[in-house]
Structure formats: structure tokens, C-alpha cells
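Here is what each chain is made of, one letter per residue.
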Amino acid sequence: SVMLSLRQLTGAVATPLGDSLVLIATRYTPTVGYDRATRLVGDKSAAWGYQVSRDSFLPATLTALSFGTPHAWLAGLQVAAGNPTLARSSDGGQSWNAPAQFPALSNIYAVSAGPGDTVLVAGVTVAGDSGAIAWSGDAGATWHSRATVAGAALLALDRRGSDAWSCGEGGVLLHSGDGGWTWTR
């Protein structure tokens, strides 16, 4: 079977899940409205034979998704002051739970699930005036601020082995050679 998980609409990430495919839609158009958009997509998907389920992340705007071993992470914009949307799955995306703690970011634009319990997130500080990267080595139980860039949100993050890269507004480009613990511009 194929499951369509409706989050916010107008962009989707297809992710394999065993013999299924989870389609996570990431944004919706405010002028159309979430309910109308989900009904439209849900009705069309059901007509094509997809199983449609609504999830508990609404009305969060999700911005990033990363599958690692053993955890998957999704992230997004804040739904309450100082609390970004952030969730972890340990079952391949079938269920999602908030981590024990949240990094000191208001909005998270990028997430990179690492090996084991490590994860990197990039976004904007709670004050909203700087881009920042946070690192956790214990599946989100604790977070460490690892880099801050004044006046520029950090919008993307990628990791290959011990090398990690992040970029953002104004052409900011950061590199880490130790898995995200230290960063240089």
C-alpha cells in the first residue's frame, strides 16, 4: 500500500518506507486555506488508490526532512514563541515524537540526521537576528550551539562523513570537518 501523509501543501518529498511510499507535503498556500487544500489532495489521492492519513503536526510549516540510521528527523518553523517544530522518528517515519529538548532556534530550515544519535539543525536564533547551527549527540536530549552568523539565516545543511556544509542568506557558506562540532566561514 502507499500512504500519503498530509502536512502542509505545495511541495512534497517522497520517502521510501519498507514496501510503502510516504509522501510528505511541506507547505500550503494561505489564500487557498489548509482545509480546502487537504480535502482536494486527499480526495484526488484516494481516487488514485492511496491511503490518506492526517497527522499531528498541523498547523506546523515543515521545512526539512532527513533520514539517517537509526533516526529520521523533520523540522520547521516555530508554532509557539521560541519553540521550533522538531520531531524524531525511530521507526522509519511511521510515528514522530518531539525530542526531550529543543535547540535555541525559533525556526529551523535544515536538518541532517547523522550516524547513531547525532543530528545537526540550522536556522534562525530565537532573537531572530542571526543564523545558527545546533548539534545533538544524544538524539535531541541535549543541544549545543555550534555556530552563529549575525544577520543571515542559515537555510541549508548537508553532511558527508565528517564534512558538513551550511549556507544561507547573503552568500554565507560554512564548513565543518569534524561532523558539525566546529565551523569556519
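Quantities reported herein were computed from a predicted structural model and do not represent experimental measurements. For every chain, the first residue of the written sequence is number 1, and numbering continues from 1 onward in sequence order. Selection of residues for local features in this predicted model requires a pLDDT of at least 70, selection of side-chain atom pairs for listing and counting requires 80 or more, and totals for whole chains, interfaces and linings are taken over all residues. With hydrogens and water stripped out, all remaining heavy atoms of the structure feed into the side-chain values.

Here the rule is simple: two strands pair whenever DSSP picks up at least two bridges between them. Numbering of helices and strands runs from the N terminus, with a helix taken as a DSSP run of H or I at least four residues long and a strand as a DSSP run of E at least two residues long. Spatially, β12-β13-β14 is the arrangement adopted by the three strands of the open sheet, whose pairing is antiparallel. Bordering the open sheet on either side are β12 (154–160) and β14 (173–176), each of which pairs with just one other strand. Averaged over all adjacent pairs, the angle separating strand axes in this sheet is 15 degrees, with direction ignored. Both strand β13 (residues 163–168) and β14 contribute to a ladder of four bridges, which runs antiparallel. Where helices are involved, their axes are fitted lines through C-alpha atoms of the stretch in contact, as for all axes, and angles between N-to-C directions lie from 0 to 180°.

Here we take up the sheet that holds strand β9 (residues 119–125). Pairing is antiparallel in the open sheet, where four strands are placed in the order β8-β9-β10-β11. Edge positions in the open sheet fall to β8 (105–113) and β11 (144–150), since each of these has one partner strand only. Each adjacent strand pair in this sheet contributes to an overall mean axis angle of 20 degrees, direction not counted. Here strand β10 (residues 130–136) pairs with β11 via six bridges, running antiparallel. The residue of β11 that forms the bridge with Trp135 is His144.

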